[in-house]
Number of protein chains: 2
Amino acid sequence: MQITIIGTGNMARGIATRALAGGNAVTLLGTSADKAQALAGELSGDVRAGAIGDPISGDVVVLAVWYQVLDDVLGRYAGQLDGKVVVDITNPVDPQTYQPLDLAAGSVAQEIAQKVPRAKVAKAFNTTFAGTLVEGQVGGQPLDVFVASDDEDAKGVVRRLAEDSGMRLVDAGPLAIARQLEGAGYLHMAIQGDLGTSYGSALKVVS
Amino acid sequence: MQITIIGTGNMARGIATRALAGGNAVTLLGTSADKAQALAGELSGDVRAGAIGDPISGDVVVLAVWYQVLDDVLGRYAGQLDGKVVVDITNPVDPQTYQPLDLAAGSVAQEIAQKVPRAKVAKAFNTTFAGTLVEGQVGGQPLDVFVASDDEDAKGVVRRLAEDSGMRLVDAGPLAIARQLEGAGYLHMAIQGDLGTSYGSALKVVS
C-alpha cells in the first residue's frame, strides 16, 4: 500500500516504522519538508518526504497530528480526501489540563467523518503508544490495534497495516465505538504514572 | 474483610469466588434469600446468604446488579451506605439494543456518588468478565482490576480484594475516570463476537 502520514512526531515515526516493516510505501508530510526529510532519513524502506499541503499520493492517509490542528489539516485538504481511507489516531485532551475533551460528535473520528463525509474514516492506533509501535510488540506480545469504522475498505487497510508488520487487529465495530476507543486510549495514558511504565505498555485483550 | 455482595448473578459469583479465595468473609444478598443460599452453596469459605433489604454487615458493599435496578437497591438502603465502601461494577447499556447509555453524570459510578454522597464509591470489576473472575486469570496471566475512586479507603479495599486473590490492581485515578473505564468495559464486551472469545478474555495492560 501507499500510505501518506501527516505529521512528523513520535506517532508518525511509530506508524511509519510499522508501515515500512510491512512492506508499504510511506510519504511523510510535515509542517516543513525539512522536518519530514529528517524523520525519513531515520527510517528504512520506501519512504519519501514532503510538506503539508503537497498533493496526497495513494489512497490511505494517516492523520498523525494533535486533535487541535486537525481542522487546519482537513481544511487544507478540502475535497482531496474524498474516497480515501483516513485514519484518525487522536486522543482528544485539553493541552493545558490534560483532561479529556467532551465532543458533541461523540468522538474525534465521528467529528472528522462529519467534516469529510466522502472520506472512509477509521479510528485506530489511539491505544498504541509511539515507542511500542517502533517495535510492534511489548514483552514478547504483539500489539493489539483496535479499529472502528463504518467502511469495510478502511478496516481492511488498517488490518493489512497491522498484520503485515506483526501486530494483531481487533475489529471494535462501527465508527461510533470510537468514543469508547478514545476512552480506552485516555485511560491507557492516565495510568502510566501509577504503573511506572513510561508509555511503554500495551493495552491488550488476552485469552 | 467482611464483604456484602448484592446480587446473585454471574458477576456476583465471580467476585464472591475471588473474595473468598482471598480469605474474606462474604455475605450474598439476593432478590430472595433462596437464590442467595443456592449460590452460597456452590462456594467454599466463609459465605452467608440473605435477601436484599437485610441490614448490611461490614463496611464493604459490592453492587453486582444491572444498572437498571441500582436505583431500587440504593433506595432500599438509603442512609445505610453512609461511610461504607460501595463498589460499582456496571457497564450501562440499553437492555434491548445493547447500545451504551449516555449518562449526564458522566458514568454510573459518578451517578451513584451523587445519590449516596456519604458513601465511599469506587468503580471496579467492570472490565473483568464473570467467568474469568472465577479463575482470577486468563491464559496464565493475572486479571487486571482497574479501580477509579476519589476515596483512598475505597481504593485500598479494592486493592486488597484484587491482590489477596492473585489479581493485579491498576489505579486508574479519580472517580471521574469511571467514564473512560465504562467505555473500556463496553469495548471489551463489544469485541467478543469478532474475537470469538465468548466473554473469556481479559483486558490487560502489558509491559
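You'll find the structure just up there.
Residues numbered from 1 in each chain as written. Chains lettered and ligands numbered in written order. Predicted model: local features only at pLDDT ≥ 70, side-chain atom pairs only at ≥ 80, totals over all residues. Heavy atoms only, no water.

Student: Mind showing me how you'd approach the interface of chain A and chain B here?
Tutor: How big an interface is tends to be stated in terms of accessible area lost as the parts join. The interface of chain A with chain B comprises 31 residues on the first partner and 31 residues on the second. The largest share of the area that chain A buries against chain B comes from Q180(A), L187(A) and V206(A), three residues that together contribute 22% of it. Applying the counting criterion to the chain A and chain B interface returns 2 salt bridges. D102(B) is paired through a salt bridge with R179(A); the nearest N and O atoms lie 3.0 Å apart. One can count 7 residue pairs in polar contact (both at pLDDT 80 or more) joining chain A with chain B. Contributing elements (two or more residues each) for the side of chain A that touches chain B: β10 (168-173), α7 (178-190), α8 (192-195) and β11 (202-206) of chain A. If one sorts the elements of the side of chain A that touches chain B by residue count, α7(A) sits on top with 9 residues. Along the lines of polarity and charge, the residues of the side of chain A that touches chain B split into 17 nonpolar, 8 polar and 6 charged. Pairing geometry for β11(A) and strand β11 (residues 202-206) of chain B, over 5 bridges, is antiparallel. Within β11(B), the residue paired with K204(A) across the bridge is K204(B). (Contact = heavy atoms within 4.5 Å. Buried area = accessible area lost by both parts, 1.4 Å probe. Salt bridge = Lys/Arg side-chain N within 4 Å of Asp/Glu carboxyl O. Polar contact = N/O pair within 3.5 Å; in protein donor to acceptor, adjacent residues only side chain to side chain. Helix = DSSP H or I, 4+ residues; strand = E, 2+ residues; numbered from the N terminus. Nonpolar A, V, L, I, M, F, W, Y, C, P; charged D, E, K, R; others polar. Pairing = 2+ DSSP bridges.)

Student: Explanation requested: the sheet that holds strand β6 (residues 120-124) of chain A in the structure shown.
Tutor: To summarise the sheet geometry, strands pair through backbone hydrogen bonds and adopt either a parallel or an antiparallel arrangement. All names here are of chain A. The mixed open sheet is built from 8 strands, whose spatial order is β3-β2-β1-β4-β5-β6-β9-β10. Here the strands that pair on one side only, and so sit at the sheet edges, are β3 (47-51) and β10. Ignoring which end each strand starts from, the neighbouring axes of this sheet average 25 degrees apart. In the sheet, strand β1 (residues 2-6) pairs with strand β2 (residues 25-30) via 5 bridges, with the strands oriented parallel. Across the sheet, residue T4 finds its bridge partner in β2, namely T27. (Axes fitted to C-alpha atoms, helices over the stretch in contact; angles between N-to-C directions.)

Student: What is the right way to read the relation of the copies chain A and chain B from this model?
Tutor: One chain copy maps onto the other through a rotation about an axis and a shift parallel to that axis. At an RMSD of 0.0 Å, chain A and chain B line up after a rotation of 180 degrees and a shift of 0.0 Å along the axis. What the superposition gives is, in effect, a two-fold axis relating one chain to the other. Both copies present the same face, since 100% of the interface residues in chain A are matched by interface residues at the equivalent positions in chain B. (Least-squares fit on C-alpha atoms with pLDDT ≥ 70 in both.)

Student: Help me understand the side chain of K123(B) in this model?
Tutor: Residue and element names in this part refer to chain B. Within the secondary structure, K123 is located in strand β6 (residues 120-124). A distance of 2.7 Å separates a polar atom in the side chain of K123 from a polar atom in the side chain of D88. Among all residues touching K123, those that are not within four sequence positions of it are D88, I89, T90, V108, A109, F146, V147, A148, L175, A178, L181 and E182.

Student: Which parts of the structure should I look at to understand the sheet that holds strand β2 (residues 25-30) of chain B?
Tutor: Residue and element names in this part refer to chain B. Strand order in this open sheet of 8 strands is β3-β2-β1-β4-β5-β6-β9-β10, and the pairing throughout is mixed. Pairing within the sheet leaves two strands with one partner each, and these edge strands are β3 (47-51) and β10 (168-173). Direction aside, the axes of adjacent strands within the sheet are offset by 25 degrees on average. Pairing of β6 with strand β9 (residues 144-149), which is carried by 3 bridges, proceeds in the antiparallel orientation. The residue bridging K123 from the neighbouring strand is A148, located in β9.

Student: Sorry, what's going on with unusual backbone geometry here?
Tutor: Keep in mind that most residues, glycine aside, have a negative phi and that most peptide bonds are trans. In this structure, S198(A) is a non-glycine residue whose phi angle is positive, near 50 degrees. In this structure, S198(A) sits in the loop between α8 and β11. A relative accessible area of 62% places S198(A) in the exposed class. One non-glycine residue, Y98(B), adopts positive backbone phi at about 65 degrees. (Buried < 20%, exposed > 50% of the residue type's maximum accessible area, 1.4 Å probe, protein only.)

Spatial relationships are all this shows, so hold off on functional conclusions.
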